[in-house]
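Below are the chains, spelled out letter by letter.
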Amino acid sequence: MSIITVCNHKGGTGKTTTSMHLAAALNLVGYKTLVIDLDPQGYLTCMMDVETSEIKYASQNLFDSGGSLIGIEVLNLPSFDLLPCTDGMISKAQKLTSVTDMFRLKESLMGQSSYDLIILDTAAAITVYVLNALVASDILMIPVTPELQSVHGAQQTWDTAKEIREKWNPGLKAAMFVLTNVHGRKKVHRQYSKYMRQKYGDLVMDTQVRTCSSMAVACTDGRTVFETHILSRGARDYAAVADELIKHVLTPFNQ
């Protein structure tokens, strides 16, 4: 099993869009995939059209004392399984104040064998949930729009990840930056894309996720672009991102 954290300390970089479409792409090729919404704002849960008042279990249950993914009922969506977020995430965070609380998610995910892949969607901030995700993960993916603030947020995220790896999770692999919302005609996008590749080299994925109006429309009713516009460039780009992950970092499914 592999655990991927999708993270950037700057908002608006395509984290949630990346989480859901990467999960859908990998699920299509055979990886049994669970997405866990760790953003207290619950944006992914909302995008997947989940009515939180009717769910029994939510992601904050993984942070209970003795919590475990085993025995928790998740939502079986067409594109992937989902453990959604509810408003209880905010109050739960106020109780997670000790250093040992940073390991709660790692402990809750240990020992489960139902999934080939778990993707953790996180908030655009350094929260206890983001730190838990980095401690629990094997792989870090940083979506970054090639613009000043997004690039700065990606660099901060990379620095946080290096500190987590040195202190608490030596198994965290080097981050992969994926360029998102790329507009080929914008000079600033070309400049910052070049900057990222010069600074981080092979850590920047070959695939760029281009702007795609079809993807924006698809993400409003609980469906991914693979269900609504499978021939769009958004679908093609995220399929290519999934291919890169499979080639370079993911273990074969059912292994």
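You'll find the structure just up there.
Scope of this entry: the structure provided in the associated data block. Just so you know, the residues in each chain are numbered from 1, in the order the chain's sequence is written. Residue-level local features of this predicted model are given only where pLDDT is at least 70; pairs of side-chain atoms are given and counted only at 80 or more, and the full residue set underlies all totals for whole chains, interfaces and linings. In computing side-chain properties, one takes all heavy atoms of the structure into account and sets aside hydrogens as well as water.

Its identity as a non-glycine residue notwithstanding, D49 has a phi of 60°, on the positive side. The phi angle at N181 is positive, at roughly 55°, despite the residue not being glycine. Under the DSSP-based scheme used, a helix requires at least four consecutive residues in state H or I and a strand at least two consecutive residues in state E, with every element numbered from the N terminus. One can find N181 in strand β7 (residues 176-182). Throughout, exposure labels follow a simple rule: accessible area from a 1.4 Å probe, protein chains only, divided by the maximum for the residue type, with under 20% read as buried, over 50% as exposed, and the rest as partly exposed. For N181, a relative accessible area of 33% puts it in the partly exposed group.

This paragraph deals with the side chain of T122. Locating T122 in the fold gives a position in the loop between β5 (117-121) and α5 (128-136). You can call T122 buried: its relative accessible area is 1%. Polar contacts involving the side chain of T122 include one to the main-chain carbonyl oxygen of V6, which spans 2.7 Å. With residues up to four places along the chain from it excluded, the contact list for T122 reads T5, V6, C7, K15, D39, V130 and A133. The term polar contact refers here to a pair of N or O atoms within 3.5 Å; inside protein, the definition further demands a hydrogen-donor-capable atom paired with an acceptor-capable atom, and it admits residues adjacent in sequence only when both atoms are side-chain atoms. Should any heavy atoms of two residues lie within 4.5 Å, those residues are counted as being in contact.

With that settled, consider the nonpolar core. The set of buried Ala, Val, Leu, Ile, Met, Phe, Trp, Tyr and Cys residues whose side-chain atoms join them within 4.5 Å is what this entry labels a nonpolar core. Counting residues in each nonpolar core, the largest one holds 37 residues, and the members touching the most others are I4, M141, L245 and L250. The element best represented in this core is helix α1 (residues 15-28), accounting for six residues. Excluding residues that lie within four positions of it along the chain, L250 makes contacts with S2, I4, L26, Y31, L117, I139 and L245. Among the nonpolar cores identified, the runner-up in size contains 22 residues, and L38, L62, L69 and V74 belong to it.

Before going further, it helps to spend a moment on the sheet that holds strand β6 (residues 139-144). Spatially, β3-β4-β2-β5-β1-β6-β7-β8 is the arrangement adopted by the eight strands of the open sheet, whose pairing is mixed. Looking along the sheet, the strands with just one partner apiece sit at the ends: β3 (75-76) and β8 (204-210). Here, axes are lines fitted to C-alpha atoms. For helices the fit covers the stretch in contact, and angles between N-to-C directions go from 0 to 180 degrees. With respect to the sheet, helix α6 (residues 148-167) is in contact with β6 and β7, its orientation differing from that of β6 by roughly 165°. In short, DSSP must find at least two bridges between two strands for them to pair.

In this section: the side chain of S59. By secondary structure assignment, the location of S59 is in the loop between α2 (43-47) and β3. There is a polar contact of 2.7 Å between the side chain of S59 and the backbone oxygen of D37. Other than its neighbours up to four places away in sequence, S59 contacts I36, D37, L38, L83, P84, C85 and M89.

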